[in-house]
Amino acid sequence: MSESPFDLETVDRLLSTTRSVRRRLDYDRPVEREVLLDCIRLSQQAPTATNSQGWRWLVIDDPAKKRGLGDIYARGIPLLDEMSKSAKDAQTAMVYNHARDFASRLGDVPVLVIPCLEGRLDADAEHVHITSYYGSVYQAVWSFQLALRSRGLGSVFTTMHLTFEEESRELLGLPENVVQTALLPVAYTVGMDFKPADRPAPESITHFNDWGAS
Ligand SMILES: Cc1cc2nc3c(=O)[nH]c(=O)nc-3n(C[C@H](O)[C@H](O)[C@H](O)COP(=O)(O)O)c2cc1C
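Cut-off values and rules
Residues numbered from 1 in each chain as written. Predicted model: local features only at pLDDT ≥ 70, side-chain atom pairs only at ≥ 80, totals over all residues. Heavy atoms only, no water. Core = buried A, V, L, I, M, F, W, Y, C linked by side-chain atoms within 4.5 Å. Buried < 20%, exposed > 50% of the residue type's maximum accessible area, 1.4 Å probe, protein only. Helix = DSSP H or I, 4+ residues; strand = E, 2+ residues; numbered from the N terminus. Contact = heavy atoms within 4.5 Å. Near = heavy atom within 4 Å. Polar contact = N/O pair within 3.5 Å; in protein donor to acceptor, adjacent residues only side chain to side chain. Areas by Shrake-Rupley, 256 points an atom, 1.4 Å probe, with all protein chains shown as cover.

Student: Would you take a moment to explain the nonpolar core for this structure?
Tutor: What tends to happen in soluble globular proteins is that the nonpolar side chains get buried as a cluster. Grouped together as the largest cluster of nonpolar side chains are 25 residues, with contacts concentrated most on Leu 25, Leu 69, Phe 102, Val 109, Leu 112 and Leu 183. Taken together, the elements giving at least two residues each to this core come down to helix H3 (63-74), helix H4 (77-85), helix H5 (90-103) and strand S2 (111-118). Broken down by element, this core gets its largest block of residues, four residues, from H5. The residues contacting Leu 25, other than those within four sequence positions of it, are Phe 102, Val 109, Gly 154, Ala 187, Tyr 188 and Val 190. One finds Val 31, Ile 40, Val 113 and Tyr 133 within the second-largest nonpolar core, a separate group that totals 23 residues.

So this is what it looks like as structure tokens:
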């Protein structure tokens, strides 16, 4: 292998241990706005379609607004219960159970971060436009989550509150043309030793040149 410009052990550990953190969030330690802005600054190096850079970030640390969002999020609990019952394997069932337990505590997390995009897709948007639209924010979101992890904070990428997008938009006072693309609860983590998750071998999900061959 050619020489790396990075300390690969550290980079690989960051990439393989940035988990969805729900049960090890420190609810009592405040998160400084400066550290969030630092992570947002790093996320801005992500690619965007046609260099659009349409990402916008809404950071909620106001207790009343967090509670309101928490109440909206918790309305998805019956759905998580249903999904837990029909989970395809033990790992997935465990995720749903953790997600369910976490749902009632979301409003207590120190900060809720909502990555947004300015400009709404047409209802009949073509596949290429849908992929370019969401592809122009989610790469930045993952960079943001990696930057958090590297600084001792944890987060979870969630979408459940978007089942009630209209109510949350009203609560947050967002204009019609600002689209919420996720909701990331953010906090310092209790301990920092996270482990890689169990995943299938890359060979089993990769095709070279021909879909029929591996
Ligand atoms: C598109 C997307 C939507 C998700 N929505 C939620 C959600 O609403 N609530 C939640 O607790 N986790 C949510 N997750 C987190 C997943 O449950 C989690 O990534 C998955 O179980 C794997 O765990 P890991 O991230 O630690 O590897 C979402 C993840 C993605 C990528």
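Student: How should the site of the ligand be read in this particular structure?
Tutor: As a structural note, the neighbourhood of the ligand is formed by Arg 19, Ser 20, Arg 22, Tyr 73, Val 95, Ala 99, Val 156, Phe 157, Thr 158, Thr 159, Met 160 and Arg 199. The separation between an oxygen atom of the ligand and a polar side-chain atom of Arg 19 is 2.8 Å. Between the ligand and Phe 157 there is a distance of 2.9 Å, counted from a nitrogen atom to a backbone nitrogen or oxygen. For the ligand, the accessible surface in isolation is 620 Å², of which the surrounding protein chains cover 62%.

Nothing here speaks to function; it is all geometry.
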